[in-house]
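Architecture at a glance
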Amino acid sequence: METAGPEPSLYTVKALLVLDSLGQRLLAKYYDSTFPTAKEQSAFERSIFLQSQRAGGEVMSLQGLTVVYRSSADLCFYVVGGRQENELMLLAVLTCLLDALSHLLQKQVEKRWLLDNMERTFLVVDEIVDRGVILESDPQQVIQRLSLRVPEPAPYGFVLFDYLSGSSEQKDSGNSHK
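Residues numbered from 1 in each chain as written. Predicted model: local features only at pLDDT ≥ 70, side-chain atom pairs only at ≥ 80, totals over all residues. Heavy atoms only, no water.

The next point concerns the nonpolar core. It is characteristic of soluble globular proteins that their nonpolar side chains tend to be buried jointly. Counting 31 residues, the largest nonpolar core has L16, F77, V79, L97, L114, V124 and I128 as the members making the most contacts within it. Of all the secondary structure elements, the ones that give two or more residues to this core are β1 (13-20), β2 (25-30), β5 (75-81), α2 (87-104), α4 (118-128) and α5 (139-146). The element that contributes the greatest number of residues to this core is α2, accounting for 10 residues. L19, I48, C76 and V80 belong to the second-largest nonpolar core, a separate cluster that totals 17 residues. (Core = buried A, V, L, I, M, F, W, Y, C linked by side-chain atoms within 4.5 Å. Buried < 20%, exposed > 50% of the residue type's maximum accessible area, 1.4 Å probe, protein only. Helix = DSSP H or I, 4+ residues; strand = E, 2+ residues; numbered from the N terminus.)

Let us now look at the environment of V133. Mapped onto the secondary structure, V133 falls in strand β7 (residues 133-134). Considered as a pair, V133 and L10 are 123 residues apart in the sequence and their alpha carbons are 5.4 Å apart. Contact partners of V133, with chain neighbours within four places excluded, come to L10, Y11 and I128. (Contact = heavy atoms within 4.5 Å.)

A separate point is α2. Compared with the 26 Å implied by 1.5 Å per residue over 18 residues, the 25 Å span of α2 between its first and last C-alpha is a close match. For α2, the set of buried residues is L90, L91, V93, L94, C96, L97, L98, A100, L101, S102 and L104. Among the residues of α2, the N-terminal cap falls to N86, whose side-chain oxygen and the backbone nitrogen of L88 are separated by 2.8 Å. Looking one or two places after α2, you find Q106, whose phi comes out positive at around 55°. (Expected span 1.5 Å × (residues − 1). Polar contact = N/O pair within 3.5 Å; in protein donor to acceptor, adjacent residues only side chain to side chain.)

Strand direction decides the pairing type here: β1 and β2, joined by five bridges, are antiparallel. Directly across from L16, in β2, lies its bridge partner K29. Counting the residues in the hairpin turn of β1 and β2 gives four residues, including G23, whose phi is positive at 90°. (Pairing = 2+ DSSP bridges.)

Let us now look at the packing of α4 against α5. At a closest axis distance of 10 Å, the pairing of α4 and α5 adopts a crossing angle of 120°. Our classification of the angle between α4 and α5 gives oblique. Seen along the crossing, α4 lies across α5 with a hand that is right-handed. The segment α4 lies against α5, with L123, V124, E127 and I128 engaging V142, R145 and L146. Broken down by class, the residue content of the contact of α4 with α5 amounts to five nonpolar, no polar and two charged. (Axes fitted to C-alpha atoms, helices over the stretch in contact; angles between N-to-C directions. Parallel < 35°, antiparallel > 145°, perpendicular 65-115°, else oblique. Left-handed = near helix turned anticlockwise from the far one by under 90°. Nonpolar A, V, L, I, M, F, W, Y, C, P; charged D, E, K, R; others polar.)

All right, on to the packing of α2 against α5 then. Their axes nearest at 8 Å, the elements α2 and α5 cross at an angle of 45°. In terms of orientation, α2 lies oblique with respect to α5. Of the two elements, α2 crosses α5, and the hand of that crossing is right-handed. On α5, the residues touching C96, D99, A100 and H103 of α2 are P139, V142 and I143. Looking at the contact of α2 with α5 residue by residue, the classes come out as five nonpolar, one polar and one charged.

In terms of residue burial, strand β4 (residues 65-72) counts as a mostly covered element, since six of its eight residues are buried. Here strand β3 (residues 59-62) hands over to β4 after two residues, with Q63 in that stretch at a positive phi of 55°. With seven bridges joining them, β4 and β5 adopt antiparallel strand pairing. Across the sheet, the residue bridging to Y69 is Y78, located in β5. Hairpin connection, β4 to β5: the antiparallel pair is bridged by two residues, and A73 has positive phi, about 55°.

In structure tokens form, the structure reads like this:
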């Protein structure tokens, strides 16, 4: 009788991390007890950051875990899964996260913008992964669910026109009631 390997599980993501260009934690969500203490988490984050700086790819194996990562400006994004985890699924989570944040931060996925929008960033993460289960990999669905439609600034002329036309409509409606 052959052994089929580990049973498939919905709990595919062990951690999701965002580190700055110095390897300091900006956001970290650990979804299981692989790294139960803050000290172990910090050591893992240091290790993953140093390894990713040397590796130069998008996928690596570290401490028996599968890690997909990508850098954007002054940030490093990591999605961590188990040894047998499908890299493409983890990469889909990473891509969804980056695309949703890119929309949220108006294409500027940088440290200062991320810090200014941290509460929304946590909402994006929570819409994508919940307790290690991948909920969504389509960034448009995440954006739509959170109603993160960032309004485009209107050209000055249209704002002035809207203001003038709105005030003239108010005067007209005010005169009709008299």
